[in-house]
Amino acid sequence: EVDADNSNVWHWLGCTGGTVRGRSYSQKECFEKSLELKADNSDAWFHLGKQCGGGTVDGRLYSSQECFEKALEVDADNSNVWHWLGCTGGTVRGRSYSQKECFEKSLELK
């Protein structure tokens, strides 16, 4: 039985999607549910952006770029997220980063 109130369980279920209490959930729905339970789940933000192209959390639509930015607000030392943010550039903790700066940051952290 899945702990339906555990953010981490929903995050990992998001890697495949699945069925909880007779209801099927897509990958995207699992990541969104994970973040509604715990908004500071950096991995769930990353996967919502990377695997699903973004999604809706607590009624707000987030693009993949915004998901990566949210992931880095929680964990600014995640080189993998910096790499993916490098595809567009973005703003993390109030500072704008160019695509190049994101890739450089990713490499610095590896």
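Heads up: the structure comes first, above all this text.
To keep things clear, this report deals only with the structure shown in the data block. This structure is a prediction, so every number in the text was calculated from the model and none was measured.

1. Some words on the nonpolar core
No. 1: If you look at the biggest cluster of nonpolar residues, it comprises 18 residues, and the most contacted ones within it are Trp-45, Leu-48, Trp-82 and Leu-85.
No. 2: Among the secondary structure elements, those contributing two or more residues to this core are α2 (27–37), α3 (42–52), α4 (64–74) and α5 (79–85).
No. 3: Formed by five residues, the second largest nonpolar core is a distinct cluster that contains Trp-10, Val-20, Tyr-25 and Cys-30.

2. Quick look at the packing of aromatic side chains
No. 1: This structure, assessed with the given rule, holds five aromatic pairs.
No. 2: When the ring of Trp-10 is compared with that of Tyr-25, the centres are 4.8 Å apart and the planes differ by 75°; the resulting orientation is edge-to-face. Of the two residues, Trp-10 is situated in helix α1 (residues 7–13) and Tyr-25 in strand β2 (residues 23–25); the sequence distance between them amounts to 15 residues.
No. 3: Classification of Trp-10 by relative accessible area gives buried; the value is 1%.
No. 4: Put simply, the rings of Phe-46, Phe-68 and Trp-84 pair up and form one aromatic cluster.
No. 5: Above the plane of the ring of Tyr-62 lies Arg-60, whose end atom (NZ or CZ) is 4.2 Å from the centre.
No. 6: The ring of Tyr-97 carries the charged tip of Arg-95 above its face, separated from the ring centre by 4.1 Å.

3. Thoughts on unusual backbone geometry
No. 1: Non-glycine residue Asp-58 carries a positive phi angle of around 50°.
No. 2: Along the chain, the position of Asp-58 falls in the loop between β3 (54–57) and β4 (60–63).
No. 3: Residue classification places Asp-58 among the exposed positions, given a relative accessible area of 58%.
No. 4: Backbone geometry at Arg-93 places phi at a positive 50°, although glycine is not the residue there.
No. 5: Inspection of the secondary structure assignment puts Arg-93 in the loop between β5 (90–92) and β6 (95–97).

4. Comments concerning the environment of Thr-91
No. 1: The topology assignment puts Thr-91 in strand β5.
No. 2: In this structure Thr-91 comes out as partly exposed when scored by relative accessible area, which is 34%.
No. 3: Sequence separation between Thr-91 and Gly-54 is 37 residues; the distance between their C-alpha atoms is 16 Å.
No. 4: Residue contacts for Thr-91: discarding those within four places in its chain leaves Glu-69 and Ser-96.

5. Regarding the pairing of β4
No. 1: Relative to β4, β3 runs antiparallel, the two sharing four bridges. Bridged to Gly-54 within β4 is Ser-63.
No. 2: If you look at the hairpin formed by β3 and β4, you'll find two residues sitting between the two strands, and Asp-58 has a positive phi there, around 50°.

What counts and what doesn't
Residues numbered from 1 in each chain as written. Predicted model: local features only at pLDDT ≥ 70, side-chain atom pairs only at ≥ 80, totals over all residues. Heavy atoms only, no water. Core = buried A, V, L, I, M, F, W, Y, C linked by side-chain atoms within 4.5 Å. Buried < 20%, exposed > 50% of the residue type's maximum accessible area, 1.4 Å probe, protein only. Helix = DSSP H or I, 4+ residues; strand = E, 2+ residues; numbered from the N terminus. Phe/Tyr/Trp six-rings, centres within 6.5 Å; stacked < 30°, edge-to-face > 60°. Lys NZ or Arg CZ within 6 Å of the ring centre and 35° of its normal. Contact = heavy atoms within 4.5 Å. Pairing = 2+ DSSP bridges.

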